[in-house]
Amino acid sequence: MIRSGALWAVALVVSLASSNTFAQQPLKLNKEKSKIDFLGKKTDGQHAGGFKEFTVDAKADFETPANSSLQITIDATSLWSDDAKLTDHLKNPDFFDVRKYPKITFQSTKIESEGEGKAVIHGKMKMLDKEVEVKVPCDVEMNEDSITLKGKWKLDRSKFGMTYGAGKIDNDVEITSNLVFGL
Amino acid sequence: MPFDAQLLIDILAIPSGVALIGALIALATSKKLPTWFGAGLTAIAWLAGIIIAQYKTLIPWEWWSEECWQRLFWPMGVAALVLGTSSLCCGNANWRLMMMSLVAWATAWLSIPRSSGWRDIDSLEGIWMLAIGVSTLLNGWLVERWISTKAPRWGIWVLIGGIGPPLLLAASAYGTMAQWVVSVVAATLGVAIVALFSPQGLAASIAAPLAVVISAMVAWGRFRSSSPSISWDDLPALFAPGIIALVDTAFAGRIPTWARILLAGLLSAGVIGFLYWRSMDGAAAET
């Protein structure tokens, strides 16, 4: 989801920079340089994790950014964390239930410019069979051969019915995404 | 209240308290009412303690949940109410064996997850259903036979020894399952305390459902890890209660009570040690 937001932001920024390109240009994700991570906090500490596998279908309309689209599909089974036992637990029904819900998706619905190098990507995130509207603030960095969307935001896991450990584990999970697209 | 303290109350204090109170009431009625009535009341209190604990924790309770392990309430309930009470009033062994077989089959069927996400373990389903069914049947039959013929008042504590190995496997799977398993053990302890001062009927009422729970816990513990790996190493855990009951039967009347309890504890610890050693051995091999 973070990625999709980033893609749209990229499209928006690029559109501001160059108005004579072609519409609905697909953007190619640089998988090696891209990542989607999370940081979960609890009363007595915190744990980092993320997803190793995800795909991004991004189409940038540099003339009319509103026509751009971004779709991210995360392979939930590729979840990792900083503790092997925690990884197992996170994959189980208390949290991501990856056997039952192996995919997490994000589909952008709107991109708003927030000034130079910044954008907000609106979209629908589906996880644990629940769809929730989310807003992803992004920093957009461009250079000669790539566009990078950096998002850092908080996701309320309880909106997806992920309530295990409420009171000890924070509902808000910090999401950090770094999506790099080649030009 | 801090999360951990609340959790301890929910999964330890409540199920043990409810089961203990129910067993005390059963004990109080034991002189005026038939023994099977007390056994039934104890079984209901045992089940109630477990269900209330589940309500109190964050697991959404459903009578027929998508989570197969939550459906285990049904074979547990049948085993507790039908087999637990009838062992003290209805002596038809064939009928009871047939009922225990049905319970064993239901336990095996309900213990294995079958949603589309579990297709990679389809090939293991048959052999695991067989292992779970056979262990439930054998555990149930041996424990019940042991309870009805050899067990003194403290006998339930030998039975509790058999919970150790499957408890270890299930508790290591994931949070809510571990909480459920701990609540089962807590409720059992509640009954066991009262059983020290009562006829053996109280213990009989939860012997059969414990056989159900024990087999299922082993299955869940294995299947509910993110990368299910089925191992023959788990067989001692599946058959732990039956093994303990069998060994205890062989020594009954030959060694003092404290030695029988110690022997049950040692057998359980031995199986736990074996499981731990094998898991450490496997972890070392992976690195």
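Everything quoted here is computed from the prediction, not taken from an experiment. (Residues numbered from 1 in each chain as written. Chains lettered and ligands numbered in written order. Predicted model: local features only at pLDDT ≥ 70, side-chain atom pairs only at ≥ 80, totals over all residues.)

Take the overall build of chain A next. For chain A, the helix and strand inventory stands at two helices and 11 strands. Secondary structure elements of chain A occur, N-terminal to C-terminal, as α-β-β-β-β-β-β-α-β-β-β-β-β. Looking at the 183 residues of chain A, the share that counts as buried comes to 40%. Partitioning the intrachain contacts of chain A with sequence separation of at least 6 by distance along the chain shows that 66% fall at a separation of at least 24. (Helix = DSSP H or I, 4+ residues; strand = E, 2+ residues; numbered from the N terminus. Buried ≥ 20, exposed ≤ 12 C-beta atoms within 10 Å, placed from the backbone. Contact = placed C-beta atoms within 7 Å.)

A tally of regular secondary structure across chain B gives 12 helices and zero strands. In sequence order, the secondary structure elements of chain B are arranged as α-α-α-α-α-α-α-α-α-α-α-α. A buried classification covers 52% of the 287 residues belonging to chain B. Intrachain contacts of chain B at a sequence separation of at least 6 include 83% that bridge at least 24 residues.

The next point concerns the environment of A:Leu90. All names here are of chain A. With respect to the helices and strands, Leu90 occurs in helix H2 (residues 84–91). Since 24 C-beta atoms lie within 10 Å of it, Leu90 is described here as buried. Discounting chain neighbours no more than four positions away, the residues touching Leu90 are Gly49, Leu79, Ser81, Phe95 and Phe96.

Our next topic: the packing of helix H1 (residues 3–29) of chain B against helix H8 (residues 175–195) of chain B. All names here are of chain B. Running from N to C, H1 and H8 cross one another at 30°; their axes reach a closest spacing of 7 Å. The orientation of H1 with respect to H8, classified from their angle, is roughly parallel. Considering how the two elements wind past one another, H1 and H8 form a crossing that is right-handed. Between H1 and H8, the residues in contact are Ile11, Leu12, Pro15, Ser16, Gly17, Ala19, Leu20, Ala23, Leu24 and Leu27 and Gln179, Val182, Ser183, Ala186, Ala187, Leu189, Gly190, Val191, Ile193 and Val194, respectively. Looking at the contact of H1 with H8 residue by residue, the class counts come to 15 nonpolar, five polar and no charged. (Axes fitted to C-alpha atoms, helices over the stretch in contact; angles between N-to-C directions. Parallel < 35°, antiparallel > 145°, perpendicular 65-115°, else oblique. Left-handed = near helix turned anticlockwise from the far one by under 90°. Nonpolar A, V, L, I, M, F, W, Y, C, P; charged D, E, K, R; others polar.)

A few words now on the confidence of the model for chain A. All names here are of chain A. Mean pLDDT over chain A works out to 85, with 86% of the residues at or above the 70 mark. Of all the helices and strands in chain A, helix H1 (residues 2–17) carries the lowest mean pLDDT, 46, while strand S6 (residues 79–81) carries the highest, 96. Segment residues 1–8: pLDDT under 50, and 55 contacts once partners within four positions in sequence are set aside and those in other chains are kept. (pLDDT = per-residue confidence, 0-100.)

Attention now goes to the environment of A:Ser81. Residues and elements named next belong to chain A. Inspection of the secondary structure assignment puts Ser81 in strand S6. By the C-beta count within 10 Å, which is 18 here, Ser81 ends up partly exposed. Along the backbone, Ser81 and Gly49 are 32 residues apart, and their C-alpha atoms lie at a distance of 3.8 Å. The contact partners of Ser81, leaving out residues within four places of it in the chain, are His47, Ala48, Gly49, Leu86, Thr87 and Leu90.

Quick look at H8(B) now. With 21 residues, H8(B) ought to run about 30 Å at 1.5 Å a step, and its terminal C-alpha atoms sit 30 Å apart, in line with that. Burial within H8(B) is extensive, with 17 of its 21 residues counted as buried. (Expected span 1.5 Å × (residues − 1).)

Attention now moves to helix H7 (residues 164–171) of chain B. Counted residue by residue, H7(B) has seven buried out of eight residues, so it is predominantly covered. Of all the residues in H7(B), the buried ones are B:Gly164, B:Pro165, B:Pro166, B:Leu167, B:Leu168, B:Leu169 and B:Ala170.

All names here are of chain A. Positioned with a positive phi, Leu128 is a non-glycine residue whose angle comes to about 50°. Even without being glycine, Asp129 reaches a positive phi, approximately 65°. Mapped onto the elements, Asp129 comes out in the loop between strand S8 (118–127) and strand S9 (130–142).

All names here are of chain A. With seven bridges connecting them, strand S2 (residues 35–42) and strand S3 (residues 45–51) associate as antiparallel partners. Bridge pairing in S3 places Asp37 opposite Gly50. In terms of strand pairing, S3 meets S6 through three bridges, oriented antiparallel. Paired with Gly50 across the strands is Trp80, a residue of S6. (Pairing = 2+ DSSP bridges.)

Moving on to the packing of H7(B) against H8(B). Residue and element names in this part refer to chain B. Packing of H7 against H8 leaves a shortest axis separation of 8 Å and a crossing angle of 155°. As summarised for this structure, H7 and H8 are arranged roughly antiparallel, according to the angle between their axes. Judged by residue contacts, Leu167, Ala170 and Ala171 of H7 engage Met177, Ala178, Val181, Val182 and Val185 from H8. In terms of residue class, the contact of H7 with H8 is made up of eight nonpolar, no polar and no charged.

To continue, consider the nonpolar core. Counting residues in each nonpolar core, the largest one holds 94 residues, and the members touching the most others are B:Trp46, B:Val191, B:Ala207 and B:Met217. Residue contributions to this core peak at 17 residues, all from helix H9 (residues 201–223) of chain B. Aside from chain neighbours lying at most four places away, what touches B:Val191 is B:Ala19, B:Ala23, B:Thr42, B:Trp46, B:Leu202 and B:Ile206. Counting 37 residues, the second-largest nonpolar core is a separate cluster that includes A:Ala58, A:Ile104, A:Phe106 and A:Leu179. (Core = buried A, V, L, I, M, F, W, Y, C linked by C-beta atoms within 7 Å.)

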